[in-house]
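Take a look at the letters that make up each chain.
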Amino acid sequence: MTQKKIIILGGGLSGLAAAYFCEQQKQDYALFEKEEKIGGLCKSHYIDGFTFDYTGHLLHFTNDFAKKIVFDLLAEELTEKTRNSYIFYKKKFIPFPFQQHLGYLSENEKIQCFIDFLDSYFTKKNNYKNFEDWALTFYGAGIAKKFMLPYNLKLYKYDLKKITTDWFGAYMPQLKLYEMLKSLTIQKNQYCGYNSIFYYPRQCGINQLITAVSKHLKNINCRAVVYSVNIQKKYIEVDNQKIFYDYLINTIPLPEFLKLLIPKIKNLSAALDKLEYTSVYNINYGIETNTANKLHWLYFPENKFQFYRCGFYHNFSKNMTPYRNQHSAYIEISYRKILQNINDLHRAIKNQFFDFGVYNKKNSKIILEFPLDIKYAYVIYNKHRKKIIEYLSDYFFKNSIISIGRYAEWNYSSMQDSIVTAYNKIINLNK
Ligand SMILES: Cc1cc2nc3c(=O)[nH]c(=O)nc-3n(C[C@H](O)[C@H](O)[C@H](O)COP(=O)(O)OP(=O)(O)OC[C@H]3O[C@@H](n4cnc5c(N)ncnc54)[C@H](O)[C@@H]3O)c2cc1C
C-alpha cells in the first residue's frame, strides 16, 4: 500500500463513520488506528462479566439521518429509555433539568429563583460577555448560583468568566414564562432537554455500535501509530512506510495532530498552549447489592462531592452486569493537566459514593473498581479557540485535510455529530 485516495487517521466513531461512507461510495481508502482495538472513546471494557464504557455513552438523536444509520446498523439491538435523572442538592433529589423543577426546592429558594428568573426574563440580553454572565442573566441569579455555576465550575475547573458562549445553543434551551410557572409545582417534567429520550445497545455496551459498523469495513489497520504527516508532499508515515494520499481525514485530537505535521505550523507551541481542555478521571464500580436503583445518572453541584456526575450502567441494559443482584456505576471526576494522589482520591470517592443515599455500606459492597482516564474530555471554549480553529480550517482546506469529530474539530460534539459530519465530508469529496 503506497497510495490511497483517502487516508483516515484514527479509528474512533468519527474515523469509522468516515470509512463506512467511503465503503458506501466505493472510495479507495485506508484507516489507521494506533490502539490494538478500534472504537476510541466508544470502546467498552469487559471485566469479570461487567461492561464499562468511558462513562455514560448514550445515543441522543436530533438528526433523522444519524438515527436511521444507527438503527440500520443495530436494528432490534437498541433499547429506548426515558431519562430518570436528578440533581443531588442539599440532600434532595431534584429532577433534571434543575431550572424546570424549582418546586422541589425549599419555599424560600423556590421564590428567590423565580423572582430572579422574572427579573432576567424581562431584561433579557442578546449578548453575553462569558459563560458566567450568561448563567446569571439567562435563567437568573438564583438558578445560576445554586446549580449552573457550581456545577460547570466543578466540571471545567476553569474560570467561567473565561469561557465563551458560542457552543451550547441546543444544550441550554430558552424557557417560556409558562414553563417556569409550571416548574414551581412538584411535577416531573419528563420530556424536556436534548437527552430526555436516549437509546443504548442491548448486549455489550456502546462498543456494540462499533462492532456493527466494523462489519462493513475492509481497510482498517490497528496498532498503526501514525507518526508524521507531510502536508506538502501529501504522505503519512506509519509502520516504517510512506503512504501517499489525495485527501487526509483527521479524527485524532488536534493538539496531537498538529505535532505530527511537516512542516510545523507557525507558532506551534503558542497554539498548543491556547487549545485548552479538561480531562476526566472515570472510576467504574461493580456493586453487589440488595437495594433497588432505577436511576440513570445524577449531577452533583456541591463541593462535598469531588465528582460532578455519577451514572448507573445497569439501568441502560440489564446485560451490563453478570448477575441480577449486581449493579454498576460510573463516577466522573474532572481535572486539568495533572491528577494527583490517585490512591487518596479512590478512597475518598468510595466514601462519597455511599453518602448520597442510593447505596449504603450495609446493603451494598463495591466488588470491582476499574478506572479509565480520558485526556481530552471537554474542549474549553476560551477566547482563542474560534480564531485558532478558523485559521487551521482554512490551512487544512488548502492542504486537502478534513477534520471530523469532537477532538479533531475541537468542539463540543456527540456521537451523532460524528456520523453526520463524516457523511457530509465524504459526500462532498465526490463533488
Ligand atoms: C465523559 C464523556 C461522555 C460522553 N458522553 C457522550 C454521550 O452520552 N453521547 C454522545 O453522543 N457522545 C458522548 N461523548 C462524546 C463522544 O465520546 C465523542 O463525540 C466521540 O466518541 C468522538 O469520537 P472520535 O472518533 O471523534 O474521537 P476518539 O474516540 O477520541 O477517536 C480518536 C482515535 O484516534 C486514535 N489516535 C490518536 N492518535 C493516533 C495516531 N497518532 N495514529 C493513529 N491513531 C491515533 C485514538 O486511539 C482514537 O481511537 C462523551 C464524551 C466524553 C468525554
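Rules and cut-offs
- Residues numbered from 1 in each chain as written.
- Predicted model: local features only at pLDDT ≥ 70, side-chain atom pairs only at ≥ 80, totals over all residues.
- Heavy atoms only, no water.
- Helix = DSSP H or I, 4+ residues; strand = E, 2+ residues; numbered from the N terminus.
- Rg over C-alpha atoms; globule rule 2.2 N^0.38 Å.
- Buried < 20%, exposed > 50% of the residue type's maximum accessible area, 1.4 Å probe, protein only.
- Domains from an automatic or database assignment.
- Contact = heavy atoms within 4.5 Å.
- Buried area = accessible area lost by both parts, 1.4 Å probe.
- Salt bridge = Lys/Arg side-chain N within 4 Å of Asp/Glu carboxyl O.
- Polar contact = N/O pair within 3.5 Å; in protein donor to acceptor, adjacent residues only side chain to side chain.
- Nonpolar A, V, L, I, M, F, W, Y, C, P; charged D, E, K, R; others polar.
- Near = heavy atom within 4 Å.
- Axes fitted to C-alpha atoms, helices over the stretch in contact; angles between N-to-C directions.
- Parallel < 35°, antiparallel > 145°, perpendicular 65-115°, else oblique.
- Core = buried A, V, L, I, M, F, W, Y, C linked by side-chain atoms within 4.5 Å.
- Expected span 1.5 Å × (residues − 1).
- Phe/Tyr/Trp six-rings, centres within 6.5 Å; stacked < 30°, edge-to-face > 60°.

Student: How should the overall build of the protein chain be read in this particular structure?
Tutor: The helix and strand tally for the protein chain stands at 12 helices and 19 strands. Radius of gyration (C-alpha) of the protein chain: 23 Å, near the 22 Å computed for a compact globule of 431 residues. Taking the principal axes of its C-alpha atoms as reference, the protein chain extends roughly 70 × 55 × 45 Å. Relative to its full complement of 431 residues, the protein chain shows a buried share of 57%.

Student: In this structure, what is going on with the domain arrangement of the protein chain? I would like to understand it.
Tutor: Many analyses report the size of an interface as the accessible area lost when the parts associate. Domain annotation for the protein chain reports domain 1 (3–42 + 207–264 + 383–429), domain 2 (85–194) and domain 3 (277–379). Each of domain 1 and domain 3 has a C-alpha centre, and the two are 32 Å apart. Residue-level contacts link 10 residues of domain 1 with 7 residues of domain 3. Where domain 1 abuts domain 3, roughly 690 Å² becomes buried across the two surfaces, and 70% of that area is made up of carbon and sulfur atoms. Joining domain 1 to domain 3, the criterion identifies 1 salt bridge. Along the contact surface separating domain 1 from domain 3 lie 4 residue pairs in polar contact (both at pLDDT 80 or more). Among the residues making up the side of domain 1 that touches domain 3, the classes are represented as 6 nonpolar, 1 polar and 3 charged.

Student: Sorry, what's going on with the site of the ligand here?
Tutor: Around the ligand sit 30 residues in total, of which Ser 14, Glu 33, His 57, Leu 58 and Met 415 are the nearest. A distance of 2.6 Å separates an oxygen atom of the ligand from a polar atom in the side chain of Glu 33. Within the contact set of the ligand, a nitrogen atom lies 3.1 Å away from a backbone nitrogen or oxygen of Gly 56. Listed by contribution, the elements that provide at least two residues to the shell around the ligand are α1 (13–24) and β18 (364–379). Its residues placed into classes, the shell around the ligand shows 13 nonpolar, 12 polar and 5 charged. Among the domains, domain 1 (3–42 + 207–264 + 383–429) and domain 3 (277–379) are the pair contributing at least three residues each to the shell around the ligand.

Student: When you look at the packing of helix α3 (residues 107–122) against helix α5 (residues 141–156) in this model, what are you seeing that I'm missing?
Tutor: When two helices pack together, their arrangement is given by the angle between their axes and by how far apart the axes lie. It is at 6 Å that the axes of α3 and α5 come closest, and there the two elements cross at 120 degrees. As the angle between them shows, α3 and α5 are arranged oblique. Contact residues: Glu 109, Gln 112, Cys 113 and Asp 116 in α3; Ala 141, Gly 142, Ile 143 and Lys 146 in α5. Residue composition of the contact of α3 with α5, grouped by class: 3 nonpolar, 2 polar and 3 charged.

Student: Honestly, the pattern of salt bridges in this entry has me stumped. Any pointers?
Tutor: Pairs can form between side chains of opposite charge whenever their charged atoms are close. Per the counting criterion, the structure on display carries 15 salt bridges. Note that Glu 256 is salt-bridged to Lys 375, the shortest N-O span being 3.6 Å. Residue Glu 256 is found in helix α8 (residues 254–260), and its partner Lys 375 is found in strand β18; the two are separated by 119 residues along the sequence. According to the relative accessible area criterion, Glu 256 is partly exposed, its value standing at 27%. For Arg 309, the salt bridge identified is with Glu 332, shortest N-O distance 2.6 Å. Of the two residues, Arg 309 sits in strand β16 (residues 309–312) while Glu 332 sits in strand β17 (residues 326–335), which places them 23 residues apart along the sequence.

Student: Just checking my understanding: could you explain helix α7 (residues 207–214) for this structure?
Tutor: Note that an α-helix has 3.6 residues per turn; residues three or four places apart therefore point the same way. For α7, a buried count of 6 out of 8 residues is recorded, marking the element as mostly surrounded by other parts of the structure. Taken together, the buried positions of α7 are occupied by Asn 207, Gln 208, Leu 209, Ile 210, Ala 212 and Val 213. Residues of α7 that are buried sit in contact with α1, β3 (44–47), α2 (64–74) and β8 (197–201).

Student: Just to check I follow, could you spell out the nonpolar core for this structure?
Tutor: Inside soluble globular proteins, nonpolar side chains tend to come together where they are buried. In terms of nonpolar packing, the biggest core is built from 126 residues, with Trp 134, Val 229 and Ile 236 touching the most fellow members. If you look at the next biggest cluster of nonpolar residues, it comprises 25 residues, including Leu 295, Ala 329, Phe 356 and Ile 366.

Student: Got a minute to help me understand unusual backbone geometry in this structure?
Tutor: In terms of backbone geometry, most residues other than glycine have negative phi values and most peptide bonds are trans. For the peptide bond that leads from Phe 96 to Pro 97, omega is 0 degrees, which places it in the cis range. Considering the arrangement of structural elements, one finds Pro 97 in the loop between β7 (92–95) and α3. Look at the link from Ile 262 to Pro 263: it is a cis peptide, with omega at -5 degrees. Topologically, Pro 263 is positioned in the loop between β13 (261–262) and α9 (268–274). Positive phi, normally seen in glycine, also occurs at Asp 48, with a value near 45 degrees.

Student: Where do I start with helix α12 (residues 415–429) in this structure?
Tutor: Over its 15 residues, α12 runs 22 Å from end to end, which matches the ideal 21 Å to within 8%, given 1.5 Å per residue. For α12, the complete set of buried residues consists of Met 415, Gln 416, Ser 418, Ile 419, Val 420, Thr 421, Ala 422, Ile 426, Ile 427 and Leu 429. For α12, the secondary structure elements touched by its buried residues are β1 (3–9), α1, α2, β12 (241–250) and β19 (401–403).

Student: Just to check I follow, could you spell out the packing of α2 against α12 for this structure?
Tutor: α12 packs onto α2 with a crossing angle of 100 degrees between their chain directions and a minimal axis gap of 9 Å. One way to sum up the angle between α2 and α12 is to call them roughly perpendicular. Counting all contacts with α2, which are made through Phe 65, Ala 66, Ile 69 and Val 70, the residues of α12 involved are Gln 416, Ile 419, Val 420 and Tyr 423. Here the contact of α2 with α12 is composed, by residue class, of 7 nonpolar, 1 polar and no charged.

Student: So what exactly am I meant to see when it comes to the packing of aromatic side chains here?
Tutor: Any pair of aromatic rings gets described here by the distance separating the centres and the angle formed by the planes. Taken as a whole and judged by the stated rule, the model has 56 aromatic pairs. Where Phe 198 meets Trp 297, the ring centres are 5.7 Å apart and the plane angle is 55 degrees; that geometry is what we call tilted. Of the two residues, Phe 198 sits in strand β8 while Trp 297 sits in strand β15 (residues 297–299), which places them 99 residues apart along the sequence. For Phe 198, a relative accessible area of 0% puts it in the buried group. What makes Trp 297 buried here is its relative accessible area of 4%. Here the aromatic cluster, defined as three or more aromatic residues joined through ring pairs, consists of Tyr 86, Phe 88, Phe 93, Tyr 285, Phe 300, Phe 305, Phe 307, Phe 312, Phe 353, Phe 354, Phe 356 and Tyr 359.

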